[in-house]
Amino acid sequence: MNKPSALCLSATTFALLLGSSARCAAALANGCPEPSFEAARTFDTGRNPLSVAMGEFNGDGRLDLAVATRGCAGCSPKVSGSVSVLLGVGDGTFAVAVNYSAGSAPEAVAIGDFNLDHESDLVVADGGSDNVFVLLGKGDGTFEQAVSCGAGISPVSVAVADLNGDGKPDLATANSGSDDVSVFFGNGDGTFAPAVNHSAGVNPVFIAFADFNGDGKGDLAVANVDAAKVAVLLGNGDGTFRDALSQAVGAGPVFIAVGDLNGDGRPDLTVANEGSSARGFADGSVSVLSGNGDGSFQAVGGYLTGGRPRGVAVSDLDGNGKLDRLW
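Attention here is on the structure that accompanies the text.

Rules used throughout
- Residues numbered from 1 in each chain as written.
- Predicted model: local features only at pLDDT ≥ 70, side-chain atom pairs only at ≥ 80, totals over all residues.
- Heavy atoms only, no water.
- Helix = DSSP H or I, 4+ residues; strand = E, 2+ residues; numbered from the N terminus.
- Buried < 20%, exposed > 50% of the residue type's maximum accessible area, 1.4 Å probe, protein only.
- Contact = heavy atoms within 4.5 Å.
- Areas by Shrake-Rupley, 256 points an atom, 1.4 Å probe, with all protein chains shown as cover.
- Phe/Tyr/Trp six-rings, centres within 6.5 Å; stacked < 30°, edge-to-face > 60°.
- Lys, Arg positive; Asp, Glu negative; His and termini not counted.
- Salt bridge = Lys/Arg side-chain N within 4 Å of Asp/Glu carboxyl O.
- Polar contact = N/O pair within 3.5 Å; in protein donor to acceptor, adjacent residues only side chain to side chain.
- Pairing = 2+ DSSP bridges.
- Axes fitted to C-alpha atoms, helices over the stretch in contact; angles between N-to-C directions.
- Core = buried A, V, L, I, M, F, W, Y, C linked by side-chain atoms within 4.5 Å.
- Disulfide = S-S within 2.5 Å.

**Here we look at the overall build of the protein chain**
Then, in step 1: Within the protein chain, the secondary structure is distributed over zero helices and 25 strands.
Then, in step 2: By the burial criterion, 47% of the 327 residues in the protein chain qualify as buried.
Then, in step 3: Considering only contacts in the protein chain between residues 6 or more positions apart, those separated by 24 or more positions represent 44%.
Then, in step 4: Accessible surface computed for the protein chain: about 14600 Å², of which carbon and sulfur atoms make up 50%.

Listed below in structure tokens is the structure:
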């Protein structure tokens, strides 16, 4: 199964920054300077792109993109939301986007093989219709018409994982309007069982998946934007979860990245906090939580960013074998 990565976006295009090929061979002994990037390239999508996932949609070995675009309900004329698919050319550029209907206000997109045909499929969280939409891939870069599955109120984030250990991908959504997460068990044919909802704090807006307590069973981490907390739901291995455990972070958490930041073999969390509207979002920050290996976390760092950080990624940007953070 292709594993997607996601970033938050805005406007009507998204930008791609390609890493410079310039290296610092002469300075390796003293460490490399900051990684450099070429000038950003922009690619048109639908209106108001919010989330992007990378996968391989047409079997050519090149990375392709799927972008959830919310549309513009207040525009005249109204602009409908969609999921935009951009096939990779292989040189860092992409073909013209093809847009697929996926509800009235798509908020997030993720990739999985939902019918087990070894082709990439898409799932879109639609905050405007309280549904997720599944688009099965044909293997040639095109997708079938979206099919809806009922979720909680206003699903704004979606994660793909095998939550009950049956070898079939399942879905989990963060539902900002109903203070819960919805879990959908996959049937292996592209359809899903009705959602089962679990309480997840106040206004959950982002959901991430990992094994946080080392028991080999999938767990969930959920950003609660109004509570300044991250909720962790430990999985029982059968698709059910224990009551949520909360960890305080900065004001307005909206995004979570999972990675082993300190090299202890345990997943850690990096949380983008957009700040509070009462302070004009001037208290935007990034929180770093170190995993204890039992499903609990301890705060080990915080970085004031100002403004409204809406996403964060962890990757080894300078090639030193250690994960870096980018927001």
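Past the structure itself, the notes keep going.
**Points about the packing of aromatic side chains**
Then, in step 1: On inspection of all chains with the given rule, the structure shows six aromatic pairs.
Then, in step 2: Ring geometry for F43 against F94: centres 5.4 Å apart, planes inclined by 90°, an arrangement best described as edge-to-face. In this pair, F43 is assigned in strand 3 (residues 41-44) and F94 in the loop between strand 6 (82-86) and strand 7 (98-100), connecting sequence segments 51 residues apart. Comparing F43 with F94 shows no difference in burial state: the two are buried.
Then, in step 3: Taking 5.8 Å as the distance between ring centres and 85° as the angle between the ring planes, the aromatic pair formed by Y100 and F143 counts as edge-to-face.

**Some thoughts on the side chain of D113**
Then, in step 1: Position of D113 among the secondary structure elements: in the loop between strand 8 (106-112) and strand 9 (121-126).
Then, in step 2: No salt bridge is formed by the buried D113. Its closest oppositely charged neighbour is K168, at 13 Å.
Then, in step 3: There is a polar contact of 3.0 Å between the side chain of D113 and the backbone nitrogen of L116.
Then, in step 4: Here D117 takes part through its backbone nitrogen, which lies 3.2 Å from a polar atom of the side chain of D113.

**Here we look at the sheet that holds strand 21 (residues 268-273)**
Then, in step 1: The sheet built from four strands is open, its strands ordered 20-21-22-23 with antiparallel pairing. Where the open sheet ends on each side, the last strands, each with one partner, are strand 20 (253-259) and strand 23 (297-304). Taken over all neighbouring pairs, the strand axes of this sheet differ in orientation by 20° on average, direction set aside.
Then, in step 2: Bridge count between strand 21 and strand 22 (residues 285-291): five bridges; the pairing is antiparallel. In the strand pairing of strand 22, A272 is matched with V286.

**Overview of the sheet that holds strand 15 (residues 196-199)**
Then, in step 1: Spatially, the four strands line up as an open sheet ordered 12-13-14-15, and their pairing is antiparallel. One side of each edge strand has no neighbouring strand; the edge strands of this open sheet are strand 12 (155-161) and strand 15. Direction aside, the axes of adjacent strands within the sheet are offset by 25° on average.
Then, in step 2: Relative to strand 15, strand 14 (residues 180-184) is paired through four bridges, and the arrangement is antiparallel. Within the sheet, the bridge partner assigned to V181 lies in strand 15 and is H198.

**Brief notes about the nonpolar core**
Then, in step 1: Core analysis: the biggest nonpolar cluster contains 23 residues, and F212, V230, I256, L269 and V271 have the highest contact counts within it.
Then, in step 2: Elements represented by at least two residues in this core include exactly strand 16 (204-210), strand 17 (219-224), strand 18 (229-233), strand 20 and strand 21.
Then, in step 3: Setting aside its immediate chain neighbours within four residues, I256 contacts F206, A208, A221, V222, A223, V230, L269, T270 and V271.

**As for the state of the cysteines**
Then, in step 1: Taken as a whole and assessed by the stated rule, the structure comprises one disulfide.
Then, in step 2: The disulfide partner of C72 is C75, and the S-S distance across this bridge is 1.9 Å. On the sign convention where negative means left-handed, the S-S torsion of about 85° between C72 and C75 marks this disulfide as right-handed. No difference in accessibility class separates C72 from C75, as the two residues are buried.

**Re the pattern of salt bridges**
Then, in step 1: Applying the stated criterion across every chain yields a total of four salt bridges.
Then, in step 2: One salt bridge connects R310 with E274, and the closest N-O pair in it is separated by 3.3 Å. You can see R310 sitting in the loop between strand 23 and strand 24 (313-315) and its partner E274 sitting in the loop between strand 21 and strand 22, a full 36 residues away along the chain.
Then, in step 3: R310 sits in the partly exposed class, given a relative accessible area of 41%.
Then, in step 4: Taking relative accessible area as the criterion, E274 reaches 10% and is therefore assigned buried.
Then, in step 5: Among the charged side chains, a salt-bridge network with shared partners connects E274, R308 and R310.

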